[in-house]
Amino acid sequence: MYQNYKNVEIVKPGGLELKDRLVGVQRVTKVTKGGRAFGFSAIVVVGDENGVVGHGLGKSKEVATAIAKAIEDAKKNLVRIPLTKATLPHEQKGKYGGARVFIKPASHGTGVIAGGAVRAVLEAVGVQDVLSKSQGSSNPHNVVKATFDALLQLRSADTVAKQRGVSLEKVFKG
């Protein structure tokens with residue numbers, strides 16, 4: 001799932017205190033010869049509010065089962081996101097399908113300026129000060145994946161220094 005990204009640290013859920021956030025539940029209708037068959041799909045984001053986050057999708061005939069399946073799926077897709085003092089290391093754009101998300105670090109005390117699905121993901125990661133803009137599609141599935149695309153492209157200053165083969169001071173001072 002995350003093979004297109006460099007430096008992605010996949011995390012095992014054991015020993016983590018994960019909190020789940022329901023992003024959305026959709027009622028899905030399948031028309032059969034006997035009438036309409038209703039089902040539900042739920043998208044959930046789980047995170048420890050300290051840099052570890054994952055998202056999952058669950059489908060079932062009942063809402064509660066769909067949410068439970070989504071939480072299990074999300075726990076299988078946990079990744080670590082680099083954070084800098086409760087905000088992001090740098091600004092980043094992410095896209096998935098028709099959804100585009102822009103996230104930008106903010107100064108202390110700003111709070112999470114984000115809407116709907118982006119807010120759920122950023123709060124699950126543990127970001128406390130961030131500015132964001134969601135453009136294009138507002139489909140929660142694609143917005144969550146676009147937000148993950150942006151978060152997975154983030155690099156800490158240490159990582160940048162190692163990749164460039166220079167000291168940490170040179171990264172900041174040029």
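The present account deals with the structure reproduced in this document. Keep in mind that this is a model prediction, so the values were computed, not measured. (Residues numbered from 1 in each chain as written. Predicted model: local features only at pLDDT ≥ 70, side-chain atom pairs only at ≥ 80, totals over all residues. Heavy atoms only, no water.)

A separate point is the packing of helix α2 (residues 116-125) against helix α3 (residues 140-152). For the pair α2 and α3, interaxial distance at closest approach is 8 Å and the crossing angle is 40°. Compared by their axis directions, α2 and α3 come out oblique. Seen from above, α2 lies across α3 with right-handed handedness. Residue-level contacts link A117, V118, V121, L122 and V125 of α2 to P140, V143, V144, T147, F148 and L151 of α3. Counted by class, the contact of α2 with α3 contains 10 nonpolar, one polar and no charged residues. (Axes fitted to C-alpha atoms, helices over the stretch in contact; angles between N-to-C directions. Helix = DSSP H or I, 4+ residues; strand = E, 2+ residues; numbered from the N terminus. Parallel < 35°, antiparallel > 145°, perpendicular 65-115°, else oblique. Left-handed = near helix turned anticlockwise from the far one by under 90°. Contact = heavy atoms within 4.5 Å. Nonpolar A, V, L, I, M, F, W, Y, C, P; charged D, E, K, R; others polar.)

What follows covers unusual backbone geometry. The phi torsion at K85 lies on the positive side, around 50°, for a residue other than glycine. Here K85 is to be found in the loop between β5 (79-80) and β6 (92-96). Even without being a glycine, A86 presents a positive backbone phi close to 60°. Take A86: it is sitting in the loop between β5 and β6.

Now for α3. Residues spaced three or four apart along an α-helix face the same direction, because each turn holds 3.6 residues. Look at α3: 18 Å from first C-alpha to last across 13 residues, which is about the 18 Å you get at 1.5 Å a residue. Extensive coverage of α3 is indicated by the burial of 11 of its 13 residues. Among all positions of α3, only H141, N142, V143, V144, A146, T147, F148, D149, A150, L151 and L152 are buried. Measuring from the side-chain oxygen of the N-cap residue of α3 to the backbone nitrogen of H141 gives 3.0 Å; that N-cap residue is N139. (Expected span 1.5 Å × (residues − 1). Buried < 20%, exposed > 50% of the residue type's maximum accessible area, 1.4 Å probe, protein only. Polar contact = N/O pair within 3.5 Å; in protein donor to acceptor, adjacent residues only side chain to side chain.)

Reading across from one edge, β6-β7-β9-β8 is the order of the four strands in this open sheet, with mixed pairing throughout. Of all strands in the sheet, those bounded by a partner on one side alone are β6 and β8 (112-113). Pairing geometry for β8 and strand β9 (residues 130-136), over two bridges, is parallel. Its bridge partner lying in β9, V112 is registered against V130. Along the sheet face, α2 touches β7 (99-105), β8 and β9 and points at about 145° away from the line of β9. This element, α3, spans β6, β7 and β9 of the sheet and lies at about 140° to β6. (Pairing = 2+ DSSP bridges.)

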